[in-house]
Amino acid sequence: MYLLEAQYLYQMLGGMVTTIQLFIVSWVLAFSVALTLVVIRATEWSVARWLVDAYVEYHRNVPLLVHVLFWYFGMPELLPESVRGWLYQHNAEMSLAAIALGLGAAAYIAEDIRSGLRAIPDTQFEAARAMGANYLQGMRYVIIPQALRHAVPALIGRALLLFKNTSVTMAIGVAELTYQAREIENDTYRTFATYGAATAMYLAGAFLIMFIGARIHAYYAISGGRNA
Amino acid sequence: MIKMEKVSKWFGQHQVLNDIDLSLNKGEVVVICGPSGSGKSTLIRTINRLESIQGGRIEVDGEDVYAGHMNVNSLRQKIGFVFQQFNLFPHMTVLDNVMFGLVNIQKRSKKESMERARSLLDRVGLLEKINAYPGALSGGQQQRVAIARALAQQPPVMLFDEPTSALDPEMVGEVLQVMKELAKEGMTMVCVTHEMGFAREVADRVVFMDAGQIQEIADPETFFTSPQHPRAQRFLSDVHIR
Amino acid sequence: MLEIVREYWPMLLVGQYPNGPLGGLALTLIVAVLGLAFSLPLSLLIALARVSPVKWLSFVTAQFVRVIRGIPLLMLIFWAYFVVPKLIGSSVSGFTTLVCALVVYQAAYLAEVIRAGIEAIPSGQIEASRSMGSSYMLTMRKVILPQALLNVLPSMTNQFVSTIKETSLGYVISVNELTFSANQVNNLVLTQPLQVFGVLAVVYFIVCFSLSRSLRWLDMRIRRSRAMA
């Protein structure tokens, strides 16, 4: 059994960087889309609510790989020829992968936030309003801090899953960590060392997310004045 | 039947039981009362080893409960225990709850177990609820099933840990009635309870506990008419006001 | 889209069968069912080890679960490709590889679900059972697990739907399941990727959505029939 040479380690670190970039971009996208979905879902307009539900159910019931393939192979068909050409010359797999990952994760995050909101009794809002807070103040100071605290564990779990799920984008040739590991394995046949190094990197990332998550959770638990 | 000698227990630095001495003869009914946090629940939980002790010795039916060779499971089959929160198994019917110990622990036949369970449920007046799930019963009914379940393995001793404290007031009577009948039939019983009427009517002795110690043991008449210990006097006046 | 369905539905449904190996949706479901069938008992053992009073046993299984949850399923599939042949001493098909990886991955997740269910049972239930003289194992088997498993049934059915979705990763190691078949169809049609992958998404949606809805309905039925509080 050999350790990997410097060039391969360097290649693998490059994959890790891509994985992290993909994770961050798709997380930001996912969270913004999720918040939008939650706000739309809170309106009285039944068509909008139905559309949000359909969005969520679609993404929960179709595999991530299929979203990725759909966005990479299918969606560009809808674009004009010139734009499509430009896109494929400019790292299309990366941006389309981020979109597919982000939109998929948004469905789950929206549900997490919604169940966080549901966990807060109506009386909390009433109490805030009774003290003279307006709608926005009640939301900002009373409801949202509590709802977020409830949703934190679920959101950490989502972040972890999203981080791991970036590996699926190797199927469309995004040069992230799993992709690079496979490339190196094909070149060197040092399966154990290669997969071992990649696994160690994933674990480092995953444990970091778990650690940060635990800190956030502890912070919210204290500022909430109650052990969560 | 039960003999406790110098029983002591600590939770960390805090001593919850302090040199407890208490003996019960066969057929005796003892009521333990005292303010909350006085250690009375802990006390009866040590008798069937739901709590461990750090000092002293407990005998049930002539056997050392904490002896190294003592099989805790065979010990517990001889001690019926009734909880404040009933603790019926929500996934089993009333009948299955009562049959559980007979079928699964004592490995008796289904037929025999069923007959005994039915007669016990008849005795607590719940024969018609035999196929109901606990979730469909009132608190008082659940506690009566729990008593039937504790009686199923025919234990010579019954322990009651505040059996009526979790009940709505109108259901307390039906549970106490079952317990009174049991006492009259000669069951050896230790009851932690605040029901002073019950104590007065059926107890042979009343034990007053405070701060992990037995402060007073007396027959009910003496205890209720002329309690010796100042804490007991205050406790009784509080209970009566309530 | 309908054109594609009309022309290629046998391929999406059963792959090359009966002229070649079974594939398509049929293989997807077979992999998922096998994955569940093996991971369920495994996860139960892991969960019991996790909550057991034996310190080292619960420590070891906790670390196992942590590690498995920390790496992507795809990485696990590649590991299985490498490790499983060494374990059984002969080369294995992509199908076996996929099933093995799924079993280990799902077992880790299911074990956490079951453990949470066990820990959520009030301690009074354990005390009531133990105070009648039942042993630890009898209490587990007759009192704790029946309640815990019923309580976590919705999470477990979610895991099954997840398993169906995760079988799609077989595509990466050329297991002839639904996604792989759809890609073959795409290569035959050549000009309509949007429609082909659209059909693929719809098929997954119909299967997973109807399955999760009917399982939820079944769960409600069981709960209601027991009138559990």
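Quick look at the structure, then. (Residues numbered from 1 in each chain as written. Chains lettered and ligands numbered in written order. Predicted model: local features only at pLDDT ≥ 70, side-chain atom pairs only at ≥ 80, totals over all residues. Heavy atoms only, no water.)

## Thoughts on the overall build of chain B
Across its full length, chain B holds nine helices and 10 strands. Projected onto its principal axes, the C-alpha positions of chain B cover 55 × 45 × 30 Å. Partitioning the intrachain contacts of chain B with sequence separation of at least 6 by distance along the chain shows that 65% fall at a separation of at least 24. For chain B, the exposed area adds up to about 10100 Å²; of that, 45% sits on carbon and sulfur atoms. Across chain B, the 27 positively charged side chains and the 29 negatively charged ones have centroids separated by 5 Å. (Helix = DSSP H or I, 4+ residues; strand = E, 2+ residues; numbered from the N terminus. Contact = heavy atoms within 4.5 Å. Areas by Shrake-Rupley, 256 points an atom, 1.4 Å probe, with all protein chains shown as cover. Lys, Arg positive; Asp, Glu negative; His and termini not counted. Charge placed at Lys NZ, Arg CZ, Asp CG, Glu CD.)

## What about the pattern of salt bridges?
Residues and elements named next belong to chain A. Under the defined criterion, the tally for this structure stands at 28 salt bridges over all chains. For Arg84, the salt bridge is made with Glu77, and the minimal N-O distance between the two is 3.8 Å. Of the residues examined, Arg84 reaches a relative accessible area of 18% and is grouped as buried. According to the relative accessible area criterion, Glu77 is partly exposed, its value standing at 31%. One salt bridge connects Asp112 with Arg158, and the closest N-O pair in it is separated by 2.9 Å. (Salt bridge = Lys/Arg side-chain N within 4 Å of Asp/Glu carboxyl O. Buried < 20%, exposed > 50% of the residue type's maximum accessible area, 1.4 Å probe, protein only.)

## Considerations on the environment of Ile214(B)
Residues and elements named next belong to chain B. Locating Ile214 in the fold gives a position in strand β10 (residues 213-218). Relative accessible area serves as the criterion here: at 22%, Ile214 is assigned to the partly exposed category. Distance from Ile214 to Val60, taken between C-alpha atoms, is 19 Å for residues 154 residues apart in sequence. Not counting the four nearest positions on each side in its chain, Ile214 is found in contact with Ile20, Asp21, Leu22, Val207, Phe208 and Met209.

## Here we look at the sheet that holds strand β3 (residues 29-33) of chain B
Residue and element names in this part refer to chain B. Read across the open sheet, the six strands follow the order β6-β7-β8-β3-β9-β10; overall the sheet is mixed. Each of the sheet's edge strands pairs with one partner strand only, and the pair in question is β6 (79-82) and β10. Mean inter-strand twist for the sheet, computed between neighbouring axes without regard to direction, equals 15°. Here four bridges tie β3 to strand β9 (residues 205-210), and the two strands are oriented parallel to one another. Within the sheet, the bridge partner assigned to Val30 lies in β9 and is Arg205. The strands touched by helix α5 (residues 139-151) within the sheet are β6 and β7 (157-161), with β6 carrying the most contacts at an inclination of about 170°. (Pairing = 2+ DSSP bridges. Axes fitted to C-alpha atoms, helices over the stretch in contact; angles between N-to-C directions.)

## Points about helix α1 (residues 40-47) of chain B
All names here are of chain B. Taken across its eight residues, α1 has seven buried, putting it largely inside the fold. Along α1, the residues that are buried comprise Lys40, Thr42, Leu43, Ile44, Arg45, Thr46 and Ile47. The positive-phi residue at the C-terminal boundary of α1 is Arg49, with phi of around 65°.

## Describing the sheet that holds strand β2 (residues 14-24) of chain B
Hydrogen bonds between backbone atoms are what pair the strands of a sheet, whose relative direction is either parallel or antiparallel. Residue and element names in this part refer to chain B. Ordered by their spatial adjacency, four strands build an open sheet running β2-β1-β4-β5, and the pairing between neighbours is antiparallel. Looking at which strands have only one partner, the edges of the open sheet turn out to be β2 and β5 (63-64). Relative to strand β4 (residues 55-60), strand β1 (residues 2-11) runs antiparallel, the two being bridged by five bridges. Following the sheet pairing, Glu5 is matched in β4 by Arg57.

## Quick notes on the nonpolar core
Judged by nonpolar contacts, the single largest core of 109 residues is most densely connected at Met12(A), Tyr55(A), Ile77(C) and Val185(C). With 14 residues, the single largest contributor to this core is helix α5 (residues 92-118) of chain A. Filtering out sequence-adjacent residues up to four positions away, Met12(A) remains in contact with Leu4(A), Leu177(A), Gln180(A), Ala181(A), Ile184(A), Thr194(A), Ala197(A), Ala198(A) and Met201(A). If you look at the next biggest cluster of nonpolar residues, it comprises 55 residues, including Val98(B), Met99(B), Met158(B) and Ala183(B). (Core = buried A, V, L, I, M, F, W, Y, C linked by side-chain atoms within 4.5 Å.)

## Thoughts on the interface of chain C and chain B
Across the contact, 21 residues belong to chain C and 24 residues belong to chain B. Buried surface at the junction of chain C and chain B, summed over both partners, amounts to about 2000 Å²; 60% is from carbon and sulfur atoms. At the surface where chain C touches chain B, the tally comes to one salt bridge. Where chain C meets chain B, there are seven residue pairs in polar contact (both at pLDDT 80 or more). Within the residue set of the side of chain C that touches chain B, elements represented by two or more residues are α6 (123-131), α7 (136-151) and α10 (193-226) of chain C. The dominant element in the side of chain C that touches chain B, judged by the number of residues it contributes, is α6(C), at seven residues. Class assignment for the residues of the side of chain C that touches chain B results in eight nonpolar, nine polar and four charged. (Buried area = accessible area lost by both parts, 1.4 Å probe. Polar contact = N/O pair within 3.5 Å; in protein donor to acceptor, adjacent residues only side chain to side chain. Nonpolar A, V, L, I, M, F, W, Y, C, P; charged D, E, K, R; others polar.)

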